[in-house]
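Residues per chain, in single letters:
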Amino acid sequence: MAAVFPAWITIMLLILETAVVMGGFPATLKLERSIPLASHELELSRLRERDRLRHGRLLQSSGGVVDFLVQGTYDPFLVGLYYTKVQLGSPPREFYVQIDTGSDVLWIGCNSCNGCPESSGLQIQLNLYDPGSSSTASLISCSDQRCSAGIQSSDSGCSGQSNQCSYTFQYGDGSGTSGYYVADLLHFTTIFEGSMITNSTAPIMFGCSMLQTGDLTKSDRAVDGIFGFGQQSLSVISQLSSQGTTPRVFSHCLKGNNGGGGILVFGEILEPNMVYTPLVASQPHYNLDLWSISVGGQVLSIDPSVFSTSNNQGTIVDSGTTLAYLADEAYDAFISAITNTVSQTVRPVLSKGNQCYLITSSVTDIFPQVSLNFAGGASMILNPQDYLVQQNSIGGAAVWCIGFQKIQGQGITILGDLVLKDKIFVYDLANQRIGWTNYDCSMSVNVSTNVNTGSTEFVNAGQMSNDGSSRDQLRSMIALLLHIFVLAVILFS
């Protein structure tokens with residue numbers, strides 16, 4: 001016994017150490033931001049141009065928490081994007097796709113694609129999906145009810161000659177993509193109560209792109225496709241929730257400083273200070289009813305009808321937009337209110353048409369809070385870093401510019417990443433509402449995993465290690481536990 005006792009203590013210590021590691025195992029995504037574009041001299045005009053192209057498209061057109069390993073960047077002067085990795089087919093193959101709340105459909109570049117980039121400046125390996133190499137793939141015919149549902153939302157069409165359900169998505173500058181729909185298995189990780197993690201699959205319908213034009217052909221920010229997070233029937237969140245696989249809700253919390261990061265889950269992040277406002281009914285995008293804007297506690301004199309929702313007018317939440325945009329008729333009043341508040345402390349300057357300020361101290365000490373006031377009494381509080389962007393320096397003074405832009409002659413207001421960062425956002429499609437609260441996105445969050453049950457279960461979501469994905473870490477922990485178990489059997493048998 002004397003010889004065995006130290007070995008027993010050693011084993012117990014190993015098990016305890018492993019338990020500590022497992023107990024701290026994070027049940028969230030780490031949004032790694034590492035796009036290799038490092039110029040802070042990029043002009044706001046280029047950012048506006050990038051956003052304009054996607055706005056052309058905007059105007060035309062559960063048993064557990066599902067998480068995805070998310071990478072990418074938010075930084076206005078890196079022109080970044082968030083992207084994630086999805087696994088499709090049998091055997092599963094990995095594809096990098098941009099996360100886009102401004103569209104509905106998941107589509108992937110397919111073999112024989114014309115115009116699909118072959119390399120990416122994001123330093124990722126691009127792949128093409130081949131339906132013929134997946135044993136679980138099938139084509140979607142025109143008679144499929146999912147194709148009919150997509151036609152109603154302009155997400156699909158039909159070719160009489162081939163009887164294949166197809167799609168064409170056109171961007172404002174003429175760039176776009178077209179292809180046909182397929183059905184195959186989506187492989188994903190599901191987190192249950194107690195941070196139990198399982199690998200799951202579900203059949204989904206998605207696009208197989210055969211043609212890309214314009215900016216989609218460029219390699220600087222190229223990915224394999226686009227992951228639409230919209231609310232129409234063909235979005236993945238709608239498909240999975242209709243199968244009872246996930247709740248009809250997703251959430252994100254994007255960290256805006258120290259290199260970025262954050263959380264993205266199919267599930268509802270729960271936080272006591274959340275406020276909610278209803279989604280505007282019968283709209284293809286995430287439209288909200290904006291009532292007024294306050295600067296430094298003073299409501300601006302803007303006619304509320306400027307923000308009302310109609311054709312090409314209204315307020316849209318879009319994580320794919322880099323900056324933020326105000327309706328043309330509200331823009332000048334907003335700029336004037338900011339400038340009048342700080343004109344005694346900083347030097348206002350115009351830089352290539354943008355309102356900027358020369359600042360020698362902290363913007364938080366000088367600039368006022370801005371409040372966007374929505375239906376239902378929900379206000380979105382913007383700190384100075386939520387509406388200003390730092391451009392460069394002149395003679396020891398930092399140049400900060402208003403990050404809100406305007407689309408000339410348009411009544412559309414778009415809340416992009418500049419506004420969305422450093423906040424929890426919950427897209428509650430089941431109850432047709434969006435909620436938010438200011439939050440330190442480096443902290444963990446509680447996520448509801450309730451789908452159709454009478455009780456609510458929770459997953460505590462913490463930060464994921466930079467060293468790898470949750471699946472890789474889980475496999476390592478399981479392997480270590482198995483080795484300890486085998487060692488215990490040998491010593492005590």
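Further up the page is the structure itself.
Residues numbered from 1 in each chain as written. Predicted model: local features only at pLDDT ≥ 70, side-chain atom pairs only at ≥ 80, totals over all residues. Heavy atoms only, no water.

Explain the sheet that holds strand β23 (residues 370-374) to me, and be specific about the residues and the numbers.
With antiparallel pairing, the four strands of this open sheet are ordered in space as β18-β17-β23-β24. Across the chains shown, the open sheet's two edge strands, defined by having one partner strand only, are β18 (298-299) and β24 (379-382). With two bridges joining them, strand β17 (residues 290-295) and β18 adopt antiparallel strand pairing. Bridging from a neighbouring strand, V295 pairs with Q298 of β18. Packed onto the sheet, helix α5 (residues 328-342) meets β17 and β23 and runs at close to 20° relative to β17. (Pairing = 2+ DSSP bridges. Helix = DSSP H or I, 4+ residues; strand = E, 2+ residues; numbered from the N terminus. Contact = heavy atoms within 4.5 Å. Axes fitted to C-alpha atoms, helices over the stretch in contact; angles between N-to-C directions.)

Kindly report on the pattern of salt bridges, identifying the contributing residues and their values.
Pairing of side chains with opposite charge becomes possible as their charged atoms draw close. Under the definition given, this model contains nine salt bridges. A salt bridge links D220 to R221; the shortest N-O distance between them is 3.7 Å. When its relative accessible area of 35% is taken as the criterion, D220 is described as partly exposed. Accessibility expressed as a relative area gives 24% for R221, which makes it partly exposed. A salt bridge links R433 to D428, with the shortest nitrogen-to-oxygen separation between them at 2.9 Å. Judged by its relative accessible area of 27%, R433 is partly exposed. In this structure, a network of salt bridges that share partners links the residues D328, D332 and K406. (Salt bridge = Lys/Arg side-chain N within 4 Å of Asp/Glu carboxyl O. Buried < 20%, exposed > 50% of the residue type's maximum accessible area, 1.4 Å probe, protein only.)

I'd love a proper account of the pairing of strand β21 (residues 347-351), names of residues and values included.
Examined bridge by bridge, β21 and strand β22 (residues 354-359) share five bridges and lie antiparallel to one another. Paired with R347 across the bridge in β22 is L358. Hairpin connection from β21 to β22: two residues lie between these consecutive antiparallel strands, with K352 at a positive phi of about 55°.

Can you tell me about α5, naming the residues and giving the values?
Over its 15 residues, α5 extends 23 Å from the first C-alpha to the last, a length consistent with the 21 Å expected when each residue adds 1.5 Å. Every buried residue belonging to α5 is among D328, A330, Y331, F334, I335, A337, I338, T339 and V342, and all of these are buried. (Expected span 1.5 Å × (residues − 1).)

Help me get a handle on the environment of N311, residues and values and all.
With respect to the helices, strands and loops of the structure, N311 is situated in the loop between β18 and β19 (313-317). Its relative accessible area of 75% is what places N311 among the exposed residues. For N311 and I412, which are 101 residues apart along the polypeptide, the C-alpha to C-alpha distance reads 9.3 Å.

Provide a residue-level description of the sheet that holds β19, including the pertinent values.
Strand order in the open sheet formed by five strands is β16-β19-β28-β20-β27, with mixed pairing between adjacent strands. In this open sheet, the two edge strands, each paired with only one partner strand, are β16 (287-288) and β27 (404-406). The pairing of β16 with β19 spans two bridges and is antiparallel. Within β19, the residue paired with N287 across the bridge is I316. Against the sheet, α5 makes contact with β20 (324-326) and β27, and its axis sits at roughly 140° relative to β27, the strand it touches most.

Report on the state of the cysteines, specifying residues and quantitative values.
Under the criterion given, the structure shown has six disulfides. Two residues share a disulfide in this structure: C110 and C208, whose sulfurs sit 1.8 Å from each other. The sign of the S-S torsion, about -135°, decides the handedness of the disulfide formed by C110 and C208: left-handed. Taken together, the residues C110 in strand β5 (residues 106-114) and C208 in strand β10 (residues 196-213) connect sequence positions 98 residues apart. In this structure, C110 and C208 share a single accessibility class: buried. The disulfide that involves C356 links it to C401, with 2.0 Å between the sulfurs. Taking the sign of the torsion about the S-S bond as the criterion, the disulfide between C356 and C401, at about 95°, is right-handed. (Disulfide = S-S within 2.5 Å.)

Describe the environment of D440, and please don't skip the residues or the numbers.
Secondary-structure assignment places D440 in the loop between β30 (433-438) and β31 (445-448). Taking the C-alpha atoms as reference points, D440 and C253, separated by 187 residues in sequence, lie 8.4 Å from one another.

How would you summarise the side chain of D104 if you had to cite specific residues and measurements?
Mapped onto the elements, D104 comes out in the loop between β4 (93-100) and β5. We classify D104 as buried; its relative accessible area is 9%. Of the polar contacts made by the side chain of D104, one reaches the backbone nitrogen of Q231; its length is 3.4 Å. For D104, the side chain forms a polar contact with the main-chain nitrogen of Q232, separated by 3.4 Å. (Polar contact = N/O pair within 3.5 Å; in protein donor to acceptor, adjacent residues only side chain to side chain.)

Requested: an account of the packing of aromatic side chains, with residues and values cited.
According to the stated counting rule, one finds 16 aromatic pairs in the structure shown. Ring geometry for Y167 and Y181: centres 5.2 Å apart, planes at 55°, overall tilted. Taken together, the residues Y167 in strand β8 (residues 164-170) and Y181 in strand β9 (residues 176-192) connect sequence positions 14 residues apart. Between the aromatic rings of F250 and Y427, the centroid separation amounts to 4.4 Å while the plane-to-plane angle is 5°, which identifies the pairing as stacked. Here Y427 lies in strand β29 (residues 423-428) and F250 lies in strand β12 (residues 249-254), a separation of 177 residues in the sequence. Comparing F250 with Y427 shows no difference in burial state: the two are buried. The structure contains a cluster of three or more aromatic residues connected by ring pairs, namely F227, F229, F250, F266, Y286, F374, F425, Y427 and W436. Over the face of the ring belonging to Y276 we find R433, whose NZ or CZ atom lies 3.6 Å from the ring centre. (Phe/Tyr/Trp six-rings, centres within 6.5 Å; stacked < 30°, edge-to-face > 60°. Lys NZ or Arg CZ within 6 Å of the ring centre and 35° of its normal.)

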